[in-house]
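Below, each chain spelled out in residue letters.
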Amino acid sequence: MEKHIKAPISKEVSRKLRAGDYVYITGTIYTARDAAHKRMDDALKNGENLPVDMVGQTIYYMGPSPAREGRPIAGPTTASRMDRYAPKLLDLGLTAMIGKGKRSKEVLDAVKRNGSVYFAAVGGAGALLSKCIKTSEVVAYDDLGTEAIRKLYVEDMPLVVIIDSEGNNLYEEGRAEYLKDHAE
């Protein structure tokens, strides 16, 4: 099913999304990769505030690419590299994550526990996804360069719900369905 939603994404909206839904997001989301996640984790361990309040937010695991002048490159990166940090951010109110690839059981459990959602963006489609980004500004950790936290305003960013708030996992369900259909 195709749905158009606004970001920040409320828990009410995230709980209505189902694995396999096609979603177009418009609104404010944030980028954060490995180095930014590690720095946020260190901040939390030191009792410091995060540079972005996680409540209701979406983090896009966007691959670092030198962009042409005035053009952000928006290819998704492998989400599992953030798995050690994601449960804590989900528990702090993060509503959604965007990336590519499978997630750990700990992330799946945190998604269910918090009524959150994991979206996949199509890998290799950075040029297409870049067209959805209307503004981009560094909001934290500028010294990390391409891994700084950026605030993006996106319009109709195309995504697929992979893990929904009930723990349904499109990667697992799709694999099981394929194996069932191709059993001898």
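Keep in mind the model is a prediction, meaning the values are calculated, not measured.

Draft legend 1. Representation of the nonpolar core. Counting residues in each nonpolar core, the largest one holds 29 residues, and the members touching the most others are Met40, Met54, Met97 and Ile149. Listed by contribution, the elements that provide at least two residues to this core are helix H2 (34-45), helix H3 (86-91), helix H4 (105-114), strand E5 (117-120) and strand E7 (149-163). Counting 22 residues, the second largest nonpolar core, distinct from the first, contains Ala7, Tyr60, Ile133 and Leu152.

Draft legend 2. Representation of the packing of aromatic side chains within the structure. Inspection of every chain in the model, using the stated rule, returns zero aromatic pairs. The ring of Tyr141 has Arg39 sitting right over it, with the charged end atom 5.0 Å from the ring centre. Taking the ring centre of Tyr118 as reference, the NZ or CZ of Arg103 above it sits at 4.8 Å.

Draft legend 3. Region of the structure containing the pairing of E7. By the bridge criterion, nine bridges tie strand E2 (residues 22-31) to E7 in an arrangement that is antiparallel. In the sheet register, Thr28 faces E7, and the bridge partner there is Tyr153. Bridge analysis of E5 against E7 gives three bridges, and the strand direction is antiparallel. By the bridge assignment, Tyr118 is partnered in E7 with Ile163. Summarising the sheet, strand E6 (residues 133-140) and E7 pair through six bridges and their orientation is antiparallel. Among the inter-strand pairings, Thr135 is bridged to a residue of E7, identified as Tyr153.

Cut-off values and rules
- Residues numbered from 1 in each chain as written.
- Predicted model: local features only at pLDDT ≥ 70, side-chain atom pairs only at ≥ 80, totals over all residues.
- Heavy atoms only, no water.
- Core = buried A, V, L, I, M, F, W, Y, C linked by side-chain atoms within 4.5 Å.
- Buried < 20%, exposed > 50% of the residue type's maximum accessible area, 1.4 Å probe, protein only.
- Helix = DSSP H or I, 4+ residues; strand = E, 2+ residues; numbered from the N terminus.
- Phe/Tyr/Trp six-rings, centres within 6.5 Å; stacked < 30°, edge-to-face > 60°.
- Lys NZ or Arg CZ within 6 Å of the ring centre and 35° of its normal.
- Pairing = 2+ DSSP bridges.

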